[in-house]
Amino acid sequence: MTDRYAVIGNPIAHSKSPLIHRMFAEQTGQDISYEAVLAPLEGFAATVERLRKVGCKGCNVTVPFKFEAFNIATELSERARSAQAVNTLSFDGDEIRGDNTDGAGLVCDIQQNLKFTLQGRNILLLGAGGAAWGVSLPLLEAGANINIFNRTTDKAQQLSHGLQTFLKRDLYTRKGLKYGLPNFLNSYAELSSKQFDFVINATSAGLTESEIPLPPGIFAPGALAYDMMYGRETPFMKFAREHGAAVIADGLGMLVEQAAEAFYIWRGVRPKTAPVIAALRLS
Ligand code: ATR
């Protein structure tokens, strides 16, 4: 019997997830269906219940429901707990398992597709909203040093402190693993004296075509500028092009990689992502 999966969001019509998962299913011979489901803004939990009742095995969760998904999960992975948000739910009897594959998707895109090493490199992470929370622990686990800068400094501080608390508690139980502690930058002036190997835009500024004021000398030689948005050149990507970033990437690879990680959680099979990324670039 065909196993059912879905992506829930609001809005959802633009989502590429059904196309991506159908390509994964075809490539791996998995018998699944995957649909886009629009949940009312006040109706996320009810939508999940309805899907569970009709035998759905799992779902992806997108804006604005990742925090609610975190709250309804009965079990949480470590990366979901550090992100305090869930983008992948798996249904198993009464259990609702919550995971977050966004950070793994970003790390995989940077290391495997773009061929950059994160170990020991200095990252400037722009933003302190859900997207930034989602990717922080996996970046630290990959050995990078994270510096967080956000328009609203308090939120950068909260993210930095939240991660530090999580890591200190976590290190206690995972002896032997040591990560650098994240740092937050207080001001544009502080930013001006520094250069970074990676500048990752996890803000939503691109949605409104807004520029993020950044010092012109921010990119170290050979730096990667990565925007987690995709579909067009954002003002951040244009800035990077004009100010010396060696490689500029959008978030399409991350989108496909996070989906592949969710597919693996559900099906135990890793699809090849390169042909799917290539197909989406052409579409
Ligand atoms: P998401 O889940 O996409 O991260 P979010 O939680 O609303 O969405 O967070 C949006 C992030 O983008 C925040 O860090 C926000 O900065 P503030 O905390 O100062 O609001 C950032 N952001 C949005 N528009 C921006 C802009 N024009 N310039 C700089 N940062 C911006």
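How each quantity is defined
- Residues numbered from 1 in each chain as written.
- Predicted model: local features only at pLDDT ≥ 70, side-chain atom pairs only at ≥ 80, totals over all residues.
- Heavy atoms only, no water.
- Domains from an automatic or database assignment.
- Contact = heavy atoms within 4.5 Å.
- Buried area = accessible area lost by both parts, 1.4 Å probe.
- Salt bridge = Lys/Arg side-chain N within 4 Å of Asp/Glu carboxyl O.
- Polar contact = N/O pair within 3.5 Å; in protein donor to acceptor, adjacent residues only side chain to side chain.
- Pairing = 2+ DSSP bridges.
- Helix = DSSP H or I, 4+ residues; strand = E, 2+ residues; numbered from the N terminus.
- Axes fitted to C-alpha atoms, helices over the stretch in contact; angles between N-to-C directions.
- Near = heavy atom within 4 Å.
- Areas by Shrake-Rupley, 256 points an atom, 1.4 Å probe, with all protein chains shown as cover.
- Nonpolar A, V, L, I, M, F, W, Y, C, P; charged D, E, K, R; others polar.
- Buried < 20%, exposed > 50% of the residue type's maximum accessible area, 1.4 Å probe, protein only.
- Right-handed = clockwise from strand over helix to strand, strands pointing away.
- Phe/Tyr/Trp six-rings, centres within 6.5 Å; stacked < 30°, edge-to-face > 60°.

Caption draft 1: A look at the domain arrangement of the protein. Each assigned domain of the protein is listed here: domain 1 (3-100 + 257-282) and domain 2 (103-250). Taken together, the contacts link 14 residues of domain 1 with 17 residues of domain 2. Considering only the side of domain 1, the residues that lose the most area to domain 2 are Glu 78, Ser 82 and Glu 257, jointly responsible for 42% of the buried surface there. On the surface where domain 1 and domain 2 come into contact, there are one salt bridge. With a closest N to O distance of 2.9 Å, Arg 281 and Asp 250 form a salt bridge. For the interface between domain 1 and domain 2, the tally reads two residue pairs in polar contact (both at pLDDT 80 or more).

Caption draft 2: How the structure looks around the sheet that holds strand β2 (residues 32-38). Taking strand neighbours across the sheet as the criterion, the six strands line up as β2-β1-β3-β5-β6-β4 in an open arrangement whose pairing is mixed. At either margin of the open sheet sits one strand with a lone partner, and together these are β2 and β4 (75-76). Where strand β5 (residues 88-92) and strand β6 (residues 95-99) come together, five bridges link them in antiparallel fashion. Pairing of Ser 90 across the sheet is with Arg 97, part of β6. Packed on one face of the sheet, helix α10 (residues 252-267) meets β1 (3-9), β2, β3 (58-61), β5 and β6 and runs near 10° to β5.

Caption draft 3: Representation of the site of the ligand. Lining the immediate surroundings of the ligand are 13 residues, of which Ala 131, Asn 150, Arg 151, Thr 152 and Lys 155 lie closest. Contact between the ligand and Ala 131: an oxygen atom at 2.9 Å from a main-chain N or O atom of the residue. Taking Arg 151, its side chain carries an N or O atom lying 2.9 Å from an oxygen atom of the ligand. About the coverage of the ligand: the protein hides 73% of its 640 Å² of free accessible area. Class assignment for the residues of the shell around the ligand results in three nonpolar, eight polar and two charged.

Caption draft 4: Quick peek at the pattern of salt bridges. Applying the stated criterion across every chain yields a total of 13 salt bridges. Between Arg 79 and Asp 99 there is a salt bridge, with the nearest N and O atoms lying 2.7 Å from each other. Remark: Asp 99 occurs in strand β6 and Arg 79 occurs in helix α4 (residues 78-83); sequence separation between them is 20 residues. Here the residues in one salt-bridge network are Arg 79, Asp 99, Glu 261 and Arg 270, joined through shared partners.

Caption draft 5: Representation of the pairing of strand β7 (residues 122-126) within the structure. Among the five residues of β7, four are classified as buried, and the element is accordingly described as predominantly covered. Strand direction decides the pairing type here: β7 and strand β8 (residues 145-149), joined by five bridges, are parallel. Directly across from Asn 122, in β8, lies its bridge partner Asn 145. Where the polypeptide runs from β7 across helix α6 (residues 130-141) and back to β8, its parallel neighbour, the crossover connection is right-handed. Bridging between β7 and strand β10 (residues 196-201) involves four bridges; their strand directions are parallel. Looking across to β10, one finds that Leu 124 is bridged to Val 199.

Caption draft 6: Up close: the packing of aromatic side chains. In this structure the tally under the stated criterion is six aromatic pairs. Measuring from centroid to centroid gives 5.6 Å for Phe 116 and Phe 198, while their planes differ by 65°, and the two rings are edge-to-face. Remark: Phe 198 occurs in strand β10 and Phe 116 occurs in the loop between α5 (102-113) and β7; sequence separation between them is 82 residues. By relative accessible area, which is 0% here, Phe 198 ends up buried. Summarising the aromatic geometry, the rings of Phe 219 and Phe 239 are spaced 6.2 Å apart at their centres and angled 45° between planes, so their arrangement reads as tilted. Residue Phe 219 is found in strand β11 (residues 219-227), and its partner Phe 239 is found in helix α9 (residues 235-242); the two are separated by 20 residues along the sequence. Every member of this aromatic cluster is reached through a ring pair, and the members are Tyr 5, Tyr 34 and Trp 266.

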